[in-house]
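# Understanding the architecture of this molecule
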Amino acid sequence: GEFLGCNTLQAIDAGFLCQEDMIGLTDYDMPWKEYADFLRSVDAQVVTSGKQIVTEEKSKTFSGREAIWLSTKEPLRNKAGEIIGIIGTSIDITDRKETERLRIEKNWHLESVLAVAPGHVYWKNLKGEYQLCNALQASDVGLKNRDDIIGLTDYDLPWKEDADFIRSMDALVIAGGKPVIVEEKAKTFDGREAIWLSTKEPLRNESGEIIGIIGTSVDITSHKEAERLKAEIEKHEALERQNKLFEDFTNEL
């Protein structure tokens, strides 16, 4: 486990001015000595198996910076093919791992919010296949888990009889590249006929290319029914006024 040589960057991160200063030292003599047990166990696997191993390793530099390295370790052999040690390359992936962590954390928070969002929240790919939805959407579809909707289309859901119209609105969003607000009819899992006010927007990747649609749909069935009843009442009241005027006119004659 003694170092026989290294490049300049390895020496600098270890706190040495010259590469030769590391010769004869082990991981237990380095700034990353607290991780030496794990590092040596990986080295031992390479020596025992005689095969290359790629692994992520934690390490601390001379300046005290905690780092994560993607290490590739292979058996070091002599001319006779006998294993006499290991040779390794390690690439600093600390920033990449932090970016991944932040993205996962951001996605987790986003997922948590979307899961309990009011109304239906969903997104589909260009084939019209659902990629995910929130809890309410899954419940109205009759699914136990939100993930169960992945890969399904509107033709697989309780509102399949209205799927042609729904898909035509999706196609309009994709073709135009602009949001569309529309009223859509859809039947829920329990057979309830509902009317939804849907806002659909293009779903884009990091390059700005449209890869599907993202939508939110709010149940406005009660609102539409209230509007219908109001219109009927107003119509009935207008008819009553007209009849009253006719009755008054007849009485005057």
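Residues numbered from 1 in each chain as written. Predicted model: local features only at pLDDT ≥ 70, side-chain atom pairs only at ≥ 80, totals over all residues. Heavy atoms only, no water.

Ordered by their spatial adjacency, 5 strands build an open sheet running 5-4-8-7-6, and the pairing between neighbours is antiparallel. Here the strands that pair on one side only, and so sit at the sheet edges, are strand 5 (130–133) and strand 6 (180–187). Adjacent strand axes in the sheet meet at a mean angle of 30° when their direction is disregarded. As defined by bridge partners, strand 7 (residues 193–204) adjoins strand 8 (residues 210–219) across 9 bridges and the pair is classed as antiparallel. (Pairing = 2+ DSSP bridges. Helix = DSSP H or I, 4+ residues; strand = E, 2+ residues; numbered from the N terminus. Axes fitted to C-alpha atoms, helices over the stretch in contact; angles between N-to-C directions.)

Put simply, side chains in a regular strand alternate between the two faces of the sheet. Here strand 4 (residues 120–125) runs beside strand 5; their pairing, made up of 3 bridges, is antiparallel. Residue pairing for strand 5: Lys-124 is matched across the bridge by Tyr-130. Between strand 4 and strand 5, which follow one another and run antiparallel, lie 4 residues, and Gly-128 among them has a positive phi close to 85°.

One ladder, built from 8 bridges, connects strand 1 (residues 53–60) with strand 2 (residues 66–77); its direction is antiparallel. Paired with Lys-58 across the two strands is Ile-68, which belongs to strand 2. Hairpin geometry of strand 1 and strand 2 is characterised by an intervening segment of 5 residues between the two adjacent antiparallel strands and by a positive phi of about 95° at Gly-64. The turn joining strand 2 and strand 3 (residues 83–92), which pair antiparallel and follow one another in sequence, is formed by 5 residues; a positive phi near 85° is taken by Gly-81.

Functional significance is not addressed by these values, which are geometric in nature.
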